[in-house]
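If you want the building blocks of each chain, they are given just below.
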Number of protein chains: 4
Amino acid sequence: MSSTFGENLRITIYGQSHSDSIGVTVEGFPKGFRIDEEELAAFMARRAPGKDEFSTPRKEADKVEFISGVTDSVIDSDTVEAVIYNTNRKQHDYSEINNTPRPGHADYTAKMKYGESYNATGGGHFSGRLTAPMCIAGGMCMQWLAKQGITVGAHIASIHGVEDKRFDPVNVTADELAQLKEKKFCCIDDGAADKMKAEILKAKSEGNSVGGSIECAVTGLPAGIGEHMFDGIENRISLIAFGIPAVKGIEFGAGFDVCNMYGSENNDEFYCDENGNVRTHTNNCGGILGGISNAMPVIFRVAIKPTPSIAVEQNTVSLKEKQNTTIRVGGRHDPCIVQRAVPCVEAAAAIAITDLILRKSV
Amino acid sequence: MSSTFGENLRITIYGQSHSDSIGVTVEGFPKGFRIDEEELAAFMARRAPGKDEFSTPRKEADKVEFISGVTDSVIDSDTVEAVIYNTNRKQHDYSEINNTPRPGHADYTAKMKYGESYNATGGGHFSGRLTAPMCIAGGMCMQWLAKQGITVGAHIASIHGVEDKRFDPVNVTADELAQLKEKKFCCIDDGAADKMKAEILKAKSEGNSVGGSIECAVTGLPAGIGEHMFDGIENRISLIAFGIPAVKGIEFGAGFDVCNMYGSENNDEFYCDENGNVRTHTNNCGGILGGISNAMPVIFRVAIKPTPSIAVEQNTVSLKEKQNTTIRVGGRHDPCIVQRAVPCVEAAAAIAITDLILRKSV
Amino acid sequence: MSSTFGENLRITIYGQSHSDSIGVTVEGFPKGFRIDEEELAAFMARRAPGKDEFSTPRKEADKVEFISGVTDSVIDSDTVEAVIYNTNRKQHDYSEINNTPRPGHADYTAKMKYGESYNATGGGHFSGRLTAPMCIAGGMCMQWLAKQGITVGAHIASIHGVEDKRFDPVNVTADELAQLKEKKFCCIDDGAADKMKAEILKAKSEGNSVGGSIECAVTGLPAGIGEHMFDGIENRISLIAFGIPAVKGIEFGAGFDVCNMYGSENNDEFYCDENGNVRTHTNNCGGILGGISNAMPVIFRVAIKPTPSIAVEQNTVSLKEKQNTTIRVGGRHDPCIVQRAVPCVEAAAAIAITDLILRKSV
Amino acid sequence: MSSTFGENLRITIYGQSHSDSIGVTVEGFPKGFRIDEEELAAFMARRAPGKDEFSTPRKEADKVEFISGVTDSVIDSDTVEAVIYNTNRKQHDYSEINNTPRPGHADYTAKMKYGESYNATGGGHFSGRLTAPMCIAGGMCMQWLAKQGITVGAHIASIHGVEDKRFDPVNVTADELAQLKEKKFCCIDDGAADKMKAEILKAKSEGNSVGGSIECAVTGLPAGIGEHMFDGIENRISLIAFGIPAVKGIEFGAGFDVCNMYGSENNDEFYCDENGNVRTHTNNCGGILGGISNAMPVIFRVAIKPTPSIAVEQNTVSLKEKQNTTIRVGGRHDPCIVQRAVPCVEAAAAIAITDLILRKSV
């Protein structure tokens, strides 16, 4: 089913932008684990809208309520049910969309798929708001992974051509990743962050939007995690990452740069360090060989398209009349969602990795 | 299970590089469909090794035998079993690898995962040879899709920095895709092909290898195919495409270029053509919005790393002795696999798309 | 995952007897369908506790709230979230059980499986209370099936040796099934019902409990529903029916009586009726051949064990001390759950059948 | 997919009665395990046809060939491919059936489901012959289980009303189960066996057939195996057991007898034995509470209908002409399949139990 991800840890996301609630059912999470609810709230706040001038003014507290499977913060059932009650709904904003699809949105394709039974209000189940339940599950996974010594962290790699520094793919540390999470605008290089903010505000002032990219690292992952062929780390992270609306590309390690390389450049040569651990001097494979971790950091990047909802006038069609027309998308939209998508990408990676760790290979 | 892909059409791939046979179990293929076995053999031949100086000299006919579920070329069971009996096996080439992992290969990670029970011979189930069974299933799907007016075709987009022309993402036609399949070295621009061949031969002469990229298009796909969130076309094609060894990145439509765009540039504006069909003037979304097809061509590109097996001396470790050492990979290897991976990428796309078409949305 | 059932219609049940809420996530339900919420409430009431002297005095309204996926009673998302907030929780009743397992309950096996992380309170996720969410999904399915002309209905076939009349397996009608649902104590033969009630009250007065059986029929199912081998109607109904706590056996059509038959007796001979429909004079196969419906009524029976929670003193062990001891189970328990399980069995059948109908065979 | 069973151990069965081959793909079997191929052949022989006057004269050696994933009898891949090449095919026997369905067979329902694309030859994928591949996987599992101290064994519980002794559900031993496997006609009581044989030969002489039942036990299973709700031992064994053609009912422990019991009779009281092990004096629950094993023997029985293929004239219809007609089923059929189904039931139980053991609960 298309709202479900995972084999041993399984999440099922539900909700619509303007339904009473959105939420997630989490199956198979390690029982007896104590969730730090405060830390989870802090993680949710990184994604939440309405907190600064770079995102939509729609304010949602995104308060997580565990209505089953958690007693006194401890997981005590195979199935955990977490809900966010929507507080700031405005159904009236979407009246026009059902007939005149917004360019770059799923309005048209959903209509073609579901016909009249589709309710475009707030983007239906295509809404970016459904990354909030993904972040609940992801935040839980990040806490569990931390107890195993595994850290997941991401930063804004670029916005509208302005590039942040890259992670050092060999030496990136858990501490670096932790420090990044303290930043309101999550770049390694604060100078780059300022330039990115300027790009966003420029686009915003023109009723426009901008895209960018996010780089994510996973440190502390032992060798041997991931399965061959269709359940490798790359397959599983890609599967879930494209569930974040606006992701249009993903690359691991050296990614598309491998197209230009010799084998002798791209291969990461092995060596034994002073402790007898097998490591590599380079990390072009992004910590993954044959789908399976090699104990070097897992590194990947995703491309995030510009928010399709813009106030600029665009050409579209009226579906009933089969005529050309134009649209300016009103409502409360983000001029850039890259910065808010950073914790979503972390969540996606954490869920995929946890699921793979919980598999039992024999 | 990690050798299995698909929900309504399901493939399970088995085999090892040097086992008696490799093959695929295909479940849920439309019953009553007549397979053109000659056309399938021609498709298999595009991937097969040993046919020119750009690929490994290992010769395998890759003759497909349907041992169950097909009578007189017609599918007459829910489960089809197709086998390729390996003819040209050489077990002795791999003696050294079990202790000294080849850089860039799954030798090390598989050993860490499976321990002594792992048999590295020929790359075990990580072998690129297992793309042959994927091509059987993919070739069957391409024939079935063709009957629905849907064409899948790919070309070499680049090898070691030499770029082919790109598909016109708006106007690419089934005829173009069919013509590409006639070419032995599958580029749009024959001049680029010549330069690519030179790059491969140069690397080969040095015992080295080169990477590249492949671009794939799907034409004729009606609007409304694909599911929301985790079962969108992007998710599903990525999931299977990373099952092709050496794929390290994937991007749809404008892909990573969206990072540098304004929303007003990236959004594909809708218009009605003279027949009342809704179309777009650009195709930055690669024919996919919200995971669902919009009836424009589906376009994606994958990055293929250089073959890791090279004769150049590389640093590695001896696992038992925990010492640094070096390796030169002998055996019969490809200096470049991009050209042979073209039909594999087509197969992956065809399988993913067929599976999505066979889903019943209600 | 073990709280999940279904392929094309999928339900995931969550909750514990004494958690804040219990509920169900329903994926893939036909979009645009209008739920009759009053009828659903009436269905839920048939299962609800606390309504008469034959069941536990714990009162629960079992009010269904759709918190996502349903707008104005119409399904408008692929994922529907339905919740029952528990109102009448008493956590203190279960203090003793964690160390002295109740005979006939999952206390011991759950402890052996989960260790200290298992919370036995109210039976954890083994509680019979979790049949309420199954009934939500089942009630929705029964309404959808009714629109396709398919009726699911059950009755108490026996309680503690007192037998009701059996359904006429050839001629049972939708009307009969509808009338049964109007009865408070759901027997075909009201005389048998009275004797059953007497059995229950006798057991109750002795602090004991009684078992029984339920017979279920599905009318109006067209031929061709169900899949071969592992996804036949029998496989699928069994899989879900054993998810109702206390079910210990299931049989279809003539069931265990086939053991004593000749082929010539058991085979249901075909004939054409006046309308050219193929029918059978007998229905020993229970409407199912090769796992697939033949358009005759589907008939099955399940065995329900006596409620294990009884006030009679029983031998058990104290797990920590590894000593023999005794237990009398206090709290609010049912002297018989057969009558309350009738709608649960209908729900199970309805969900299994709907899932099979929604599959797309090609 | 309906030819597939299992989550962590997964089998996919393919083949038709008269295809070139039948076989099974086994995924997730413990790597490094050495199969005793001779023992497996002996197990296959127990099911094989053509060996005595009680079964079909069709002779099939049912020789198992591992064509991938097994090297020198050792599992060395995640995917094992085992094939039986059919040797004794007769396509011409089935010419009539496509229009005049055999009573008790899937001919009619398959035709209604698949239409003209269905090939009834030899029963298509409904053939009892497909229990041979299930036995391959089951025989492998029985060997693996034996290494964990777990034994699966079954006997003929009844044929046409003649009953064998039952297993002692509390004290049945692995030795007893092993001895049963040595018997050609697998009853505990040899006197009962003789009466059963007489029943079969009487039916055979009349061109008729008889049904019966099989009882299966699993000893040595530790407590804590099985999952709650839909993945309990009962759910999983039922799911696979109904995949054996002719099974029409299943019951665990006291089974349908629980309908007549008091709770105080049915509950199995716990005690500590001299070694501090928790055991029960009775075993009405069949070793399963809440879907999970309690370390007592797992006990279940299945009802097997009489072989539907009989030479007695029966009423049927001609589908094209929509007219009543009659049929006598020719070809080579079994007058009773209960005795041949004994290893199939063992195989089903062994596969289900192995799959559950391989799950990782956290």
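Please refer to the structure placed before this passage.
We now turn to the structure provided with this report. Note that the structure is a prediction, hence the values are computed from the model and not measured.

## Observations regarding the overall build of chain A
Next up, step 1: Within chain A, the regular secondary structure consists of 8 helices and 18 strands.
Next up, step 2: On C-alpha atoms alone, chain A measures out to a radius of gyration of 21 Å, which is about the 21 Å that the 2.2 N^0.38 rule sets for 362 residues.
Next up, step 3: Projected onto its principal axes, the C-alpha positions of chain A cover 70 × 50 × 35 Å.
Next up, step 4: Residue burial in chain A is summarised as follows: out of 362 residues, 70% are buried.

## Some thoughts on helix α8 (residues 338-358) of chain D
Next up, step 1: Relative to the 30 Å expected for 21 residues at 1.5 Å per residue, α8 of chain D spans 30 Å between its end C-alpha atoms, a close match to the ideal helical length.
Next up, step 2: When you tally the buried positions in α8 of chain D, you get 21 out of 21 residues, the bulk of the element.

## Considering the sheet that holds strand β1 (residues 4-5) of chain D
All names here are of chain D.
Next up, step 1: Read across the open sheet, the 5 strands follow the order β1-β2-β3-β7-β4; overall the sheet is antiparallel. Each edge of the sheet is formed by a strand with only one pairing partner; in this case those strands are β1 and β4 (65-68).
Next up, step 2: Looking at chain direction, strand β3 (residues 21-27) and strand β7 (residues 79-85) are connected through 7 bridges and run antiparallel. Pairing of Val 26 across the sheet is with Val 80, part of β7.

## A short note on the relation of the copies chain C and chain D
Mapping one chain copy onto the other needs a rotation about an axis and a shift along that axis.
Next up, step 1: Under the fitted operation, chain C is carried onto chain D by 0.0 Å of movement along the axis and a turn of 180 degrees, and the coordinates agree to an RMSD of 0.0 Å. A rotation of that kind, with that shift, is consistent with a two-fold axis.
Next up, step 2: Both copies share a contact surface, since 100% of the interface residues of chain C are interface residues in chain D too.

## Regarding the interface of chain A and chain B
Next up, step 1: Facing the 104 residues of chain A at the interface are 102 residues of chain B.
Next up, step 2: When the two sides are added together, the surface that chain A and chain B hide from each other amounts to roughly 8,100 Å², 62% of it contributed by carbon and sulfur.
Next up, step 3: One can count 4 salt bridges joining chain A with chain B.
Next up, step 4: In this structure, the salt-bridge partner of Glu 234 of chain B is Lys 248 of chain A, at a minimum N-O distance of 2.7 Å.
Next up, step 5: Connecting chain A to chain B are 54 residue pairs in polar contact (both at pLDDT 80 or more).

## Topic: the interface of chain C and chain D
Frequently, the measure chosen for interface size is the accessible area that the parts lose on association.
Next up, step 1: Between chain C and chain D, the contact holds 103 residues from the first and 103 residues from the second.
Next up, step 2: Carbon and sulfur atoms supply 62% of the area buried between chain C and chain D, which totals about 8,100 Å² over both sides.
Next up, step 3: On the chain C side of the contact with chain D, Phe 230, Lys 248 and Phe 270 of chain C bury the most area, a combined 10% of that side's loss.
Next up, step 4: Across the contact surface, chain C and chain D share 4 salt bridges.
Next up, step 5: In this structure, Lys 113 of chain D engages Glu 227 of chain C in a salt bridge whose closest nitrogen and oxygen atoms are separated by 3.2 Å.

## Overview of the side chain of Ser 21 of chain A
Next up, step 1: In this fold, Ser 21 of chain A is placed in strand β3 (residues 21-27).
Next up, step 2: For Ser 21 of chain A, a relative accessible area of 0% gives the class buried.
Next up, step 3: Leaving out residues up to four positions away in the same chain, Ser 21 of chain A has contacts with Tyr 14, Gly 15, Gln 16, Val 83, Ile 84, Tyr 85 and Asn 86 of chain A together with Ile 67 and Ser 68 of chain C.

## Regarding the relation of the copies chain A and chain B
Next up, step 1: When chain A is fitted to chain B, the best match, at an RMSD of 0.0 Å, comes from turning it 180 degrees and sliding it 0.0 Å along the axis.
Next up, step 2: Mapped onto chain B, 98% of the interface residues of chain A are again interface residues, and the two copies thus contact each other with one and the same surface.

## Brief notes about the environment of Asn 208 of chain B
Next up, step 1: Turning to its location among the elements, Asn 208 of chain B is positioned in the loop between α5 (190-205) and β10 (212-219).
Next up, step 2: With relative accessibility at 9%, the residue Asn 208 of chain B sits in the buried group.
Next up, step 3: Separated by 98 residues in the primary sequence, Asn 208 of chain B and Pro 306 of chain B have C-alpha atoms spaced 8.8 Å apart.
Next up, step 4: Excluding residues within four positions of it along the chain, Asn 208 of chain B makes contact with Tyr 262, Gly 263 and Ser 264 of chain A together with Ala 203, Ile 310, Val 312 and Pro 335 of chain B.

## Here we look at the side chain of Gln 143 of chain D
Next up, step 1: Tracing the sequence through the fold places Gln 143 of chain D in helix α3 (residues 131-147).
Next up, step 2: Take Gln 143 of chain D: its relative accessible area is 7%, and that puts it in the buried class.

## Some remarks on the environment of Tyr 271 of chain D
Next up, step 1: For Tyr 271 of chain D, the location among the structural elements is in strand β12 (residues 270-272).
Next up, step 2: When the C-alpha atoms of Tyr 271 of chain D and Met 142 of chain D are compared, they prove to be 30 Å apart, with 129 residues separating the residues in sequence.
Next up, step 3: Ignoring anything within four residues of it in the chain, the contact list for Tyr 271 of chain D reads Val 317 and Asn 324 of chain C together with Asn 277, Val 278, Arg 279, Thr 280 and His 281 of chain D.

## Regarding the packing of helix α3 (residues 131-147) of chain A against helix α8 (residues 338-357) of chain A
All names here are of chain A.
Next up, step 1: Where α3 contacts α8, the two axes come as close as 7 Å, and the packing angle between them is 55 degrees. The orientation of α3 relative to α8 falls into the category oblique. The handedness of the crossing between α3 and α8 comes out as left-handed. Mapping the contact onto sequence places Thr 131, Met 134, Cys 135, Ala 137, Gly 138, Cys 141, Met 142, Trp 144 and Leu 145 in α3 and Pro 343, Cys 344, Glu 346, Ala 347, Ala 348, Ala 350, Ile 351, Ile 353, Thr 354 and Ile 357 in α8.

## A few points about the packing of aromatic side chains
Next up, step 1: Counting across every chain of the model gives 26 aromatic pairs over all chains.
Next up, step 2: Judged by centre distance (5.6 Å) and plane angle (35 degrees), the ring pair of Phe 252 of chain A and Phe 300 of chain A falls under tilted. Of this pair, Phe 252 of chain A sits in strand β11 (residues 247-252) while Phe 300 of chain A is found in strand β16 (residues 298-304), placing the two residues 48 residues apart along the sequence. We note that Phe 252 of chain A, like Phe 300 of chain A, is buried.
Next up, step 3: Here Phe 252 of chain A and Phe 242 of chain B contribute two aromatic rings whose centre-to-centre distance is 5.4 Å and whose plane-to-plane angle is 85 degrees, an arrangement assigned as edge-to-face. With Phe 252 of chain A in strand β11 and Phe 242 of chain B in the loop between α6 (233-241) and β11 (247-252), this residue pair bridges two chains. Phe 242 of chain B carries the same exposure label as Phe 252 of chain A, and that label is buried.
Next up, step 4: Taken together, the ring pairs in this structure connect Phe 242 of chain A together with Phe 252 and Phe 300 of chain B into an aromatic cluster.

Criteria and cut-off values
- Residues numbered from 1 in each chain as written.
- Chains lettered and ligands numbered in written order.
- Predicted model: local features only at pLDDT ≥ 70, side-chain atom pairs only at ≥ 80, totals over all residues.
- Heavy atoms only, no water.
- Helix = DSSP H or I, 4+ residues; strand = E, 2+ residues; numbered from the N terminus.
- Rg over C-alpha atoms; globule rule 2.2 N^0.38 Å.
- Buried < 20%, exposed > 50% of the residue type's maximum accessible area, 1.4 Å probe, protein only.
- Expected span 1.5 Å × (residues − 1).
- Pairing = 2+ DSSP bridges.
- Least-squares fit on C-alpha atoms with pLDDT ≥ 70 in both.
- Contact = heavy atoms within 4.5 Å.
- Buried area = accessible area lost by both parts, 1.4 Å probe.
- Salt bridge = Lys/Arg side-chain N within 4 Å of Asp/Glu carboxyl O.
- Polar contact = N/O pair within 3.5 Å; in protein donor to acceptor, adjacent residues only side chain to side chain.
- Axes fitted to C-alpha atoms, helices over the stretch in contact; angles between N-to-C directions.
- Parallel < 35°, antiparallel > 145°, perpendicular 65-115°, else oblique.
- Left-handed = near helix turned anticlockwise from the far one by under 90°.
- Phe/Tyr/Trp six-rings, centres within 6.5 Å; stacked < 30°, edge-to-face > 60°.

Function cannot be inferred from these measures alone, as they are strictly geometric.
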